[in-house]
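The primary structure of each chain is shown beneath.
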Amino acid sequence: MLTPVENHYDIWYKRDDKFCPWGDVNGGKVRQAIELFATEEIQSSLGVIASVSVHSPTGPVISRVAEEYGKYCTIAIGGTTEERLDKLPMMKLTKHFGADVKIVAGHGMKTAINARVNEICKETGYHNIDYSKHIYQNRDLMFDTNSEQVWNIPNELDVLVMSVGIGIQFACVLKGLKRFNKKVKRIIGVQIGPDRRKLIDGYLNQNPLIEPRFDLEYELVQYKSAYSKSEIQKVGGFYLDDIYEAKAHKWMLKNIDPNQKTLFWCVGRRLTSDEVESICKR
């Protein structure tokens with residue numbers, strides 16, 4: 001199913017946030033998670049585990065899909081306390097969807113959390129859902145599942161702008177632009193966090209000795225902001241993700257000529273605090 005492309009104030013918006021199969025979690029990560037849960041390796045596992053940031057929508061996404069598939073789910077985090085879990089909207093929603101949220105480190109450093117996740121996998125037989133590993137382990141699934149969403153965007157654009165976290169969704173869109181021969185003069189990823197060019201190039205060029213180098217040019221720009229700082233923004237009656245997309249959108253409005261034919265890619269958004277409260281009261 002293709003998500004729609006809408007025009008608001010002479011800017012095109014790819015509404016991949018409208019992939020929302022259960023009326024709550026949404027976006028490309030949900031689509032990829034559903035496909036991953038259908039694979040034999042996860043179907044045959046005793047459960048799943050994922051390490052996430054306490055502010056990330058990945059926790060609710062994995063726990064929600066696990067709930068649909070009837071899989072035990074553990075979400076591993078660090079840098080918080082049990083007392084704070086229900087004050088953090090993404091963690092509250094993750095617990096609501098049935099996941100066991102485990103604080104496995106006293107800080108949020110990925111290496112320490114991942115080390116504990118690997119130990120838990122050995123102890124339990126759970127499958128580690130890590131998008132940055134699955135982009136290599138399940139390359140065709142991860143790329144094809146979301147790159148096909150490029151099909152219905154305009155065939156010619158001056159500019160395409162997209163927010164970038166660890167760059168997986170951005171790489172999927174790049175693959176789709178090439179796959180469907182879309183003509184885009186400038187492809188810009190607005191980074192909310194550290195530079196991700198090496199990661200993105202790695203996703204796109206996994207077999208450099210036997211495959212031609214991915215040759216679609218793109219730009220990466222940095223948005224100077226604390227990662228966890230929320231910026232609420234609404235466009236044409238819908239919210240943008242407050243950690244990633246609202247910042248990328250703000251950069252676009254400031255730096256891109258409004259007379260150019262521009263598309264902003266909505267990857268998917270975390271739910272607002274009010275939405276989380278409403279879901280948890282059901």
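Everything here concerns the structure above.
Worth saying up front: this structure is predicted, and the values here are computed from it rather than measured.

## Things to note about the sheet that holds strand 8 (residues 183–191)
- What the six strands build is an open sheet, ordered 1-2-12-7-8-9; its pairing is mixed. Strands at the two margins of the open sheet, each flanked by one partner only, are strand 1 (5–8) and strand 9 (219–222). On average, each strand axis in the sheet is inclined to that of its neighbour by 25°, with strand direction left out of account.
- Relative to strand 12 (residues 262–266), strand 7 (residues 156–164) runs parallel, the two being bridged by four bridges. Considered in strand 12, the bridge of Val159 is made with Thr262.

## A short note on a negative patch on the surface
- A contiguous patch of negative charge on the surface is contributed by Glu35, Asp140, Asp144 and Glu148.
- Mapping Glu148 onto the fold places it in the loop between helix 7 (139–147) and strand 7.

## A short note on the nonpolar core
- Counting 59 residues, the largest nonpolar core has Ile62 and Leu160 as its most contacted members.
- Looking at this core, the element that brings in the most residues is helix 8 (residues 168–179), giving seven residues.
- Once you skip the residues sitting within four places of it in the chain, Ile62 turns out to touch Ala33, Phe37, Val48, Ala50, Cys73, Ile75, Ile129 and Tyr131.
- In terms of nonpolar packing, the next biggest core, distinct from the first, is built from 19 residues, Ile11, Ile188, Leu240 and Met252 among them.

## Topic: the packing of aromatic side chains
- Considering all chains together, one arrives at five aromatic pairs under this definition.
- Here the aromatic rings of Phe37 and Tyr69 are separated by 5.5 Å at their centres, their planes lie at 40°, and the arrangement is tilted. Of this pair, Phe37 sits in helix 1 (residues 28–37) while Tyr69 sits in helix 3 (residues 58–69), and the two are 32 residues apart along the sequence.
- The class for Phe37 is buried, based on a relative accessible area of 1%.
- Here Phe170 and Tyr218 contribute two aromatic rings whose centre-to-centre distance is 5.5 Å and whose plane-to-plane angle is 75°, an arrangement assigned as edge-to-face. Of this pair, Phe170 sits in helix 8 while Tyr218 sits in the loop between helix 9 (197–204) and strand 9; the two residues are 48 residues apart in sequence, bridging distant segments of the chain. Neither Phe170 nor Tyr218 differs from the other in exposure class; each is buried.
- Over the aromatic face of Phe238 sits the side chain of Arg15, whose NZ or CZ is 3.6 Å from the ring centroid.
- Its guanidinium or amino end placed over the ring of Tyr131, Lys29 lies 5.6 Å from that ring's centre, counting from NZ or CZ.

## A word on the sheet that holds strand 6 (residues 127–128)
- Read across the open sheet, the four strands follow the order 5-4-3-6; overall the sheet is parallel. Of all strands in the sheet, those bounded by a partner on one side alone are strand 5 (100–105) and strand 6.
- Two strands pair when backbone bridges link them, and strand 3 (residues 47–51) and strand 6 are joined in this way by two bridges, in the parallel orientation. Bridge assignment links Ile49 to a residue of strand 6, and that residue is Asn128.
- Those strands touched by helix 5 (residues 110–124) are strand 3, strand 4 (72–78), strand 5 and strand 6, and its axis lies near 170° from that of strand 3.

## Notes on helix 9
- For helix 9, the complete set of buried residues consists of Ile200, Gly202, Tyr203 and Leu204.
- The secondary structure elements touched by the buried residues of helix 9 are helix 6 (131–137), helix 7, strand 7, helix 8 and strand 9.

## Focus on the packing of helix 7 against helix 8
- Running from amino to carboxyl end, helix 7 crosses helix 8 at an angle of 70°, the nearest separation of the two axes being 8 Å. Relative to helix 8, the element helix 7 is oriented roughly perpendicular. The element helix 7 and its partner helix 8 pack so that their crossing is right-handed. Only Ile168, Gln169, Ala171, Cys172, Lys175, Gly176 and Arg179 of helix 8 make contact with helix 7, whose side of the interface consists of Met142, Phe143, Asp144, Asn146 and Ser147.
- For the contact of helix 7 with helix 8, the class distribution of residues is five nonpolar, four polar and three charged.

## A few points about empty space enclosed by the protein
- Applying the stated rule across the entire model yields one cavity of 30 Å³ or more.
- Its volume calculated, the largest cavity comes out at about 50 Å³.
- Lining the largest cavity we find Asp16, Gly28, Asn146, Gln149, Met162, Gln169, Cys172, Val173, Trp265 and Val267.
- Considering each element in turn, the lining of the largest cavity owes the most residues, three residues, to helix 8.
- Grouping the amino acids of the lining of the largest cavity by side-chain chemistry returns five nonpolar, four polar and one charged.

Criteria and thresholds
Residues numbered from 1 in each chain as written. Predicted model: local features only at pLDDT ≥ 70, side-chain atom pairs only at ≥ 80, totals over all residues. Heavy atoms only, no water. Pairing = 2+ DSSP bridges. Helix = DSSP H or I, 4+ residues; strand = E, 2+ residues; numbered from the N terminus. Axes fitted to C-alpha atoms, helices over the stretch in contact; angles between N-to-C directions. Patch = residues over 30% accessible without salt bridge, like charges linked within 9 Å, V, L, I, M, F, W, Y side chains within 5 Å. Areas by Shrake-Rupley, 256 points an atom, 1.4 Å probe, with all protein chains shown as cover. Salt bridge = Lys/Arg side-chain N within 4 Å of Asp/Glu carboxyl O. Lys, Arg positive; Asp, Glu negative; His and termini not counted. Charge placed at Lys NZ, Arg CZ, Asp CG, Glu CD. Core = buried A, V, L, I, M, F, W, Y, C linked by side-chain atoms within 4.5 Å. Buried < 20%, exposed > 50% of the residue type's maximum accessible area, 1.4 Å probe, protein only. Contact = heavy atoms within 4.5 Å. Phe/Tyr/Trp six-rings, centres within 6.5 Å; stacked < 30°, edge-to-face > 60°. Lys NZ or Arg CZ within 6 Å of the ring centre and 35° of its normal. Parallel < 35°, antiparallel > 145°, perpendicular 65-115°, else oblique. Left-handed = near helix turned anticlockwise from the far one by under 90°. Nonpolar A, V, L, I, M, F, W, Y, C, P; charged D, E, K, R; others polar. 1 Å grid on protein atoms, 1.4 Å probe; cavity = no way out; pocket = protein on both sides within 12 Å on 5 of 7 lines; lining within 4 Å. Points joined across faces, edges and corners; volume = space filled by probe spheres on them.

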